[in-house]
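# Chain and residue survey
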Amino acid sequence: MSFETFATPQVTINTDSWGPTDNVTSRPGSIEAKFSLLPYAPFGRSDRLGRAADFTSSSSFQQSFHQRRDRRYHDSNANAEFQYKVQEDDFELVDTTKTNVRPSQGYSHKRRGQQFNRLKMLNARRQDNGQAGGGKKVYNKLQSARGSAGGRRQPHQWRERMDRQASVAVQPEWKVIVELDLNKLSKGITNTDTPRKQEDLLWCGFVDRYNEVYEKCSTKTPAVLKAFKNREFYPVTTTDDPVIEKLAIDGQGTIFATDCILAHLMTCPRSAYPWDIVVQKLPNGAIFFDKRDSSQFDYLTVNETANVPPSIHKAEDDPEGINTAPRLSLEATMVNQNFTQQILKASQRKNFDLPNPFYDEDDNEGMEPASVGYRYRRFDLGDNLMLVCRTELHGVVKKSKPGFSSPVDQYMTAFALNEYYDPNKSSSSKTNVQAAGMINWREKLDSQRGAVVGSELKNNAFKIAKWTAQSILADADQMKIGFVSRAAPKNATEHQILGTQFYRPKELAAQITLNEGNMWGIMRLFIHLFKDQPEGKYVIMRDPSKAQLKIFSVPPETFDSDNEEE
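A few points on the structure.

Here is what the cut-offs are and how they apply
- Residues numbered from 1 in each chain as written.
- Predicted model: local features only at pLDDT ≥ 70, side-chain atom pairs only at ≥ 80, totals over all residues.
- Heavy atoms only, no water.
- Helix = DSSP H or I, 4+ residues; strand = E, 2+ residues; numbered from the N terminus.
- Buried < 20%, exposed > 50% of the residue type's maximum accessible area, 1.4 Å probe, protein only.
- Contact = heavy atoms within 4.5 Å.
- Areas by Shrake-Rupley, 256 points an atom, 1.4 Å probe, with all protein chains shown as cover.
- Patch = residues over 30% accessible without salt bridge, like charges linked within 9 Å, V, L, I, M, F, W, Y side chains within 5 Å.
- Salt bridge = Lys/Arg side-chain N within 4 Å of Asp/Glu carboxyl O.
- Lys, Arg positive; Asp, Glu negative; His and termini not counted.
- Charge placed at Lys NZ, Arg CZ, Asp CG, Glu CD.
- Pairing = 2+ DSSP bridges.
- Core = buried A, V, L, I, M, F, W, Y, C linked by side-chain atoms within 4.5 Å.
- 1 Å grid on protein atoms, 1.4 Å probe; cavity = no way out; pocket = protein on both sides within 12 Å on 5 of 7 lines; lining within 4 Å.
- Points joined across faces, edges and corners; volume = space filled by probe spheres on them.
- Phe/Tyr/Trp six-rings, centres within 6.5 Å; stacked < 30°, edge-to-face > 60°.
- Lys NZ or Arg CZ within 6 Å of the ring centre and 35° of its normal.
- Axes fitted to C-alpha atoms, helices over the stretch in contact; angles between N-to-C directions.
- Parallel < 35°, antiparallel > 145°, perpendicular 65-115°, else oblique.
- Left-handed = near helix turned anticlockwise from the far one by under 90°.
- Nonpolar A, V, L, I, M, F, W, Y, C, P; charged D, E, K, R; others polar.

What follows concerns the overall build of the protein. When you go through the protein residue by residue, the secondary structure sums to 13 helices and 17 strands. Expressed as a percentage of its 566 residues, the buried residues of the protein come to 42%. Contacts spanning at least 24 positions in sequence make up 71% of the contacts within the protein whose residues lie at least 6 apart. When the accessible surface of the protein is totalled, it reaches about 34,300 Å², and 50% of it is carbon and sulfur.

Among the surface-exposed residues, Asp 360, Glu 361, Asp 362 and Asp 363 lie close enough to one another that they form a single negatively charged patch. The residue Glu 361 is located in the loop between strand E8 (344-351) and strand E9 (368-369) in this model. Classification of Glu 361 by relative accessible area gives exposed; the value is 58%.

Looking now at the pairing of strand E15 (residues 491-503). Bridge analysis of strand E3 (residues 223-224) against E15 gives 2 bridges, and the strand direction is antiparallel. From the neighbouring strand, Ala 223 faces E15, where its bridge partner is Ile 497. Here strand E14 (residues 478-488) pairs with E15 via 9 bridges, running antiparallel. Along E15, the bridge assignment pairs Ser 485 with Gln 496. Counted along the chain from E14 to the antiparallel partner E15, the turn is 2 residues long.

This part covers the nonpolar core. Grouped together as the largest cluster of nonpolar side chains are 62 residues, with contacts concentrated most on Leu 265, Phe 289, Leu 387, Met 523, Phe 526 and Ile 540. It is helix H13 (residues 516-531) that provides the largest number of residues to this core, a total of 7 residues. Not counting residues up to four positions away in its chain, the partners in contact with Met 523 are Leu 262, Leu 265, Met 266, Phe 289 and Leu 387. If you look at the next biggest cluster of nonpolar residues, it comprises 16 residues, including Tyr 214, Ala 223, Val 397 and Val 484.

All right, on to the pattern of salt bridges then. Counted according to the given criterion, the structure contains 14 salt bridges. With a shortest N-O distance of 3.0 Å, Asp 250 and Lys 246 are connected by a salt bridge. Given the relative accessible area of 42%, Asp 250 is considered partly exposed. For Lys 246, a relative accessible area of 55% puts it in the exposed group. One network of salt bridges, with partners in common, ties together Asp 200, Arg 375, Arg 377 and Asp 475.

Take helix H7 (residues 259-266) next. By the criterion of burial, H7 is predominantly enclosed, with 8 of the 8 residues buried. Among the residues of H7, those classed as buried are Asp 259, Cys 260, Ile 261, Leu 262, Ala 263, His 264, Leu 265 and Met 266.

With phi around 55°, Asp 383 is a residue other than glycine that occupies positive phi space. When you line up the elements, Asp 383 lands in the loop between strand E10 (373-380) and strand E11 (386-393). One non-glycine residue, Thr 513, lies in the positive phi region at around 55°. Note that Thr 513 resides in the loop between helix H12 (505-511) and H13.

Before going further, it helps to examine empty space enclosed by the protein. All chains considered together, the criterion is met by 1 cavity of 30 Å³ or more. The space that makes up the largest cavity amounts to roughly 80 Å³. Residue lining of the largest cavity: Leu 417, Val 453, Glu 456, Leu 457, Ile 464, Trp 467, Ile 481, Phe 483, Tyr 503 and Leu 508, and that is the complete set. Among the elements that line the lining of the largest cavity, the one with the most residues is helix H10 (residues 449-459), at 3 residues.

Another aspect to go through is the pairing of E11. Counting buried residues along E11, 7 of its 8 residues qualify, which places the element largely inside the surrounding structure. Taken together, the 4 bridges between strand E5 (residues 255-258) and E11 define a ladder with parallel strand orientation. Within the sheet, the bridge partner assigned to Ala 257 lies in E11 and is Cys 389. Remark: 5 residues form the turn of the hairpin made by E10 and E11, two consecutive strands paired antiparallel; Gly 382 in that turn has positive phi of roughly 85°.

Assignment of secondary structure puts Gln 470 in helix H11 (residues 461-473). Under the relative-accessibility criterion, Gln 470 is labelled buried at 11%. Apart from the residues within four sequence positions on either side, Gln 470 is in contact with Asp 259, Cys 260 and Ala 263.

Right, let's talk about the packing of aromatic side chains for a bit. Counting across every chain of the model gives 14 aromatic pairs. Where Trp 174 meets Phe 552, the ring centres are 5.6 Å apart and the plane angle is 55°; that geometry is what we call tilted. With a gap of 378 residues between them, Trp 174 in the loop between helix H5 (155-162) and strand E1 (175-181) and Phe 552 in strand E17 (residues 548-554) connect regions that are remote in the sequence. Given the relative accessible area of 7%, Trp 174 is considered buried. Overall, the relative accessible area of 4% leaves Phe 552 in the buried class. Aromatic side chains Trp 441 and Phe 483 sit 5.6 Å apart centroid to centroid with 85° between the ring planes, which places their arrangement in the edge-to-face category. On the criterion of sequence distance, the pair formed by Trp 441 in helix H9 (residues 441-444) and Phe 483 in strand E14 is long-range, its members being 42 residues apart. Taken together through their ring pairs, the aromatic side chains of Trp 174, Phe 552 and Phe 559 make up a single cluster. The side chain of Lys 466 reaches across the aromatic face of Phe 297, ending 4.5 Å from its centre.

Angle between the axes and distance between the axes are the two parameters that describe a pair of packed helices. In the contact formed by H7 and H11, the axes pass within 8 Å of each other and the chain directions differ by 125°. Taken together, the axes of H7 and H11 lie oblique to each other. Every pair of crossing elements has a handedness; the one defined by H7 and H11 is right-handed. Taking contact as the criterion, the partners of Asp 259, Cys 260, Leu 262, Ala 263, His 264 and Met 266 in H7 are, on H11, Phe 462, Lys 466, Ala 469, Gln 470 and Leu 473. Taken together, the residues that form the contact of H7 with H11 break down as 7 nonpolar, 2 polar and 2 charged.

Shown next as structure tokens:
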């Protein structure tokens, strides 16, 4: 019996450190010399592995995707001799399940021919229906409907929103002290309490009684809107009001403003157009909320919050630009003023304690003040904050009131909504043509007034919320809304009253989700911001391109009449 001999390999002992010695190449027969030049393949636990086996991938796109992914995570040149090449030539997967063969979804020659014949028939129909570009008209109508009725906006419509200019030019010496996000303005309010106490300080001017005849206005029997050129309206700002000046000297309050400015700030999260308000803080701590004399603050907007607001540029068929945003704003302001005076009758006028503080008979020969009652009110907001506000009432109406058996006299405010027309559509028809997404008032106002009101609440959310806040500040019992339309689409000077409707201000506020507590919370936020600032002049400005407010600290002489550029 013989045994094979086993040769013990030579192992070099390293007495200096761990691992093989450095002189392994000097011993050709040793194990260290055999593997000394062999490349080393690095290995890490974080390395991502490729596909072990994928039996679901069948398309060439998926195969190319996986190949790109494998190349991305594994370098093709590194450690090439240690990578295993899968030989798939002798491998075959047998699938015994039944498969449903679907017809090809590609365009065959037969389908191309059918589609070509269908297009020829459509073109022939278009030529038969309108020889002078009838097909083009149909195409344009389809394109306008696709881009207007809640669809994706066209590029030029986005450009209109982005090209708005700021309401006032920011000067280099202005310093930003606070930036507020309008979308989060109402969410960060902690104190949403209504005023502890409301009281009347003074009554000035007069109001006329509402004419019940205008309750019968309809689209079939409209009333012509008259122009009251002999009536004088006074949109006087806070610091120019002599009554507020006297109340401030007498120490009747610490914050002073008008109902228009207060309502604007209370509902500013709904605004879309740029605006600015001037704030002045006196050495004694009194705060005045003001407006610039040359600003567009008192002009009403039209379709400000619509998906497609009015353009600032003239259309091709609108050479005078009556459908541009500035001209529509001027038209809406004129309509609103005339409407508030036409629905009243001067036979039963109610005079208040003091006359109109802004009317001077010597300076206004042949003119008379409009029917407006100025109600100066004081609100106790707590923390020694006494807000004095000049509110406006437009008339008095006898209507039923909860708690009374018979109708009683109630104070009212009046405002007018006017129709907006799309200049890109034909106006040759007897009925007026509305803008994209609008409802034709002459067709729907009598039968579907709720739809018309809902459309206006969407397209003019900020304006209607502001009117509602003004009525609440004035403690008006009723709020009259008029629906006024152009007599002809291309005539911006003649209008007709198609209908009117009464609302209770607080009920309308609930309908449009305008919370009175949030209104006062936003106002407290602004008051505390300026209460912590030193005396001086400030500007609240809405950014023209995004829903953001910026409060600037400006030099005291800013916006002075002698330094203001016309």
